[in-house]
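Chains, contacts and geometry: an overview
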Amino acid sequence: MSSEETAAPSKATPHDDGMTWWYRWLCKIAGVLGGISCAVSGVWNCVTVNPLNIAAGVWMVLNAFVLFLCEVPFCCQFIEFANAIAARADKLKPWQKALFYCGMALFPVFLSFSFTTLFGNAIAFATGVLYGLASLGKKGDAVTYARLQHQKQGDEERMAGAANGAPE
C-alpha cells in the first residue's frame, strides 16, 4: 500500500457541491434512466446496414456504460476500476459533469440524426442539464433579496444626493 492509499480514508472531508440530497438523487435517477434509454436505443440503432447508424448506436451503448459507471457504480461490480472511476466522477464539479454528459449525448445525434438517436439521448442530455442547473447554485431567500434591494435604493439615493451637491 502506498502512503496515498493509507492517507485517503483518514481525510474523510465531506464533499459539498451545494446540492440538496433530493436533487442529487434526482440527478442520479436521471442518469440511470438516461443510461437505460441510451442502451436500448443504441442496440436498436445498431440493427441496420448504415455504418453511421451503427457507429451512433455503439456510441450510445458506450454512453450508457459511462452513465452507469459514473452514477451507479454498484451496477458495474464486475469491473475492477468501477469504484475508482465513480470516486473521480463524484469529485467533478456539477458544471464539468454537465458539459461531459451533454457532449456525450450530442455526439451520436450529430453522427446520425434520427428519432432513435434523438429520443435515446434525450434523458442523458437532460441529466447534463440537471447538473448544469446545479452549478448555478441555490436560489436566495426573499428576506436577503429585499435587504439587498433596500440597500441598493439607499446607495442610489446617496449617489443622487452627492450629485446634486447636497452634503452627506
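So, here is what we can say about the structure in this document. Just so it is clear, the structure is predicted and the values come from calculations on it, not from any experiment. (Residues numbered from 1 in each chain as written. Predicted model: local features only at pLDDT ≥ 70, side-chain atom pairs only at ≥ 80, totals over all residues. Heavy atoms only, no water.)

So, the overall build of the protein
Looking only at helices and strands, the protein features eight helices and zero strands. For the protein, the succession of helices and strands along the chain, N to C, is α-α-α-α-α-α-α-α. The buried share of the protein, taken over its 168 residues, is 30%. Excluding contacts between residues fewer than 6 apart, the proportion of contacts in the protein whose partners are at least 24 apart in sequence is 66%. (Helix = DSSP H or I, 4+ residues; strand = E, 2+ residues; numbered from the N terminus. Buried < 20%, exposed > 50% of the residue type's maximum accessible area, 1.4 Å probe, protein only. Contact = heavy atoms within 4.5 Å.)

Remarks on the layout of surface pockets
If you add up the space inside the second largest pocket, you get close to 160 Å³. Lining the second largest pocket, in full, are Gly18, Met19, Thr20, Trp22, Tyr23, Leu133, Ala134, Gly137 and Lys138. Tallied by class, residues from the lining of the second largest pocket come to five nonpolar, three polar and one charged. (1 Å grid on protein atoms, 1.4 Å probe; cavity = no way out; pocket = protein on both sides within 12 Å on 5 of 7 lines; lining within 4 Å. Points joined across faces, edges and corners; volume = space filled by probe spheres on them. Nonpolar A, V, L, I, M, F, W, Y, C, P; charged D, E, K, R; others polar.)

Notes on the nonpolar core
The biggest cluster of nonpolar side chains holds 18 residues, and the ones touching the most others in it are Met19, Tyr23, Cys27, Tyr101 and Tyr131. Counting only elements with at least two residues in this core, the list comes to helix 2 (21-45), helix 3 (51-71), helix 5 (94-111) and helix 7 (122-136). Excluding anything up to four places from it in sequence, tyrosine 131 contacts Met19, Cys27, Glu71, Pro94, Trp95, Lys97, Ala98 and Tyr101. (Core = buried A, V, L, I, M, F, W, Y, C linked by side-chain atoms within 4.5 Å.)

A closer look at the pattern of salt bridges
Tallying each qualifying case throughout the model produces three salt bridges. Close ionic contact of aspartate 90 with lysine 28 constitutes a salt bridge, the shortest N to O distance being 3.8 Å. Placement of aspartate 90 in helix 4 (residues 82-91) and of lysine 28 in helix 2 is noted, with a sequence separation of 62 residues between them. On the accessibility criterion, aspartate 90 (38% relative accessible area) is partly exposed. The shortest N-O distance in the salt bridge between lysine 97 and aspartate 90 comes to 3.9 Å. A single network of salt bridges, built from pairs that share partners, joins Lys28, Glu71, Asp90 and Lys97. (Salt bridge = Lys/Arg side-chain N within 4 Å of Asp/Glu carboxyl O.)

Quick notes on the packing of helix 3 against helix 5
Packed helices, taken two at a time, are described by the angle their axes make and the gap between the axes. Here helix 3 crosses helix 5 at 160 degrees, and the two axes come no closer than 8 Å. With respect to each other, helix 3 and helix 5 are oriented roughly antiparallel. Seen from above, helix 3 lies across helix 5 with left-handed handedness. Judged by residue contacts, Leu52, Ala55, Ala56, Trp59, Met60, Asn63, Val66, Leu67, Cys70 and Glu71 of helix 3 engage Lys97, Phe100, Tyr101, Met104, Ala105, Phe107, Pro108 and Leu111 from helix 5. Classifying every residue of the contact of helix 3 with helix 5 by side-chain character gives 15 nonpolar, one polar and two charged. (Axes fitted to C-alpha atoms, helices over the stretch in contact; angles between N-to-C directions. Parallel < 35°, antiparallel > 145°, perpendicular 65-115°, else oblique. Left-handed = near helix turned anticlockwise from the far one by under 90°.)

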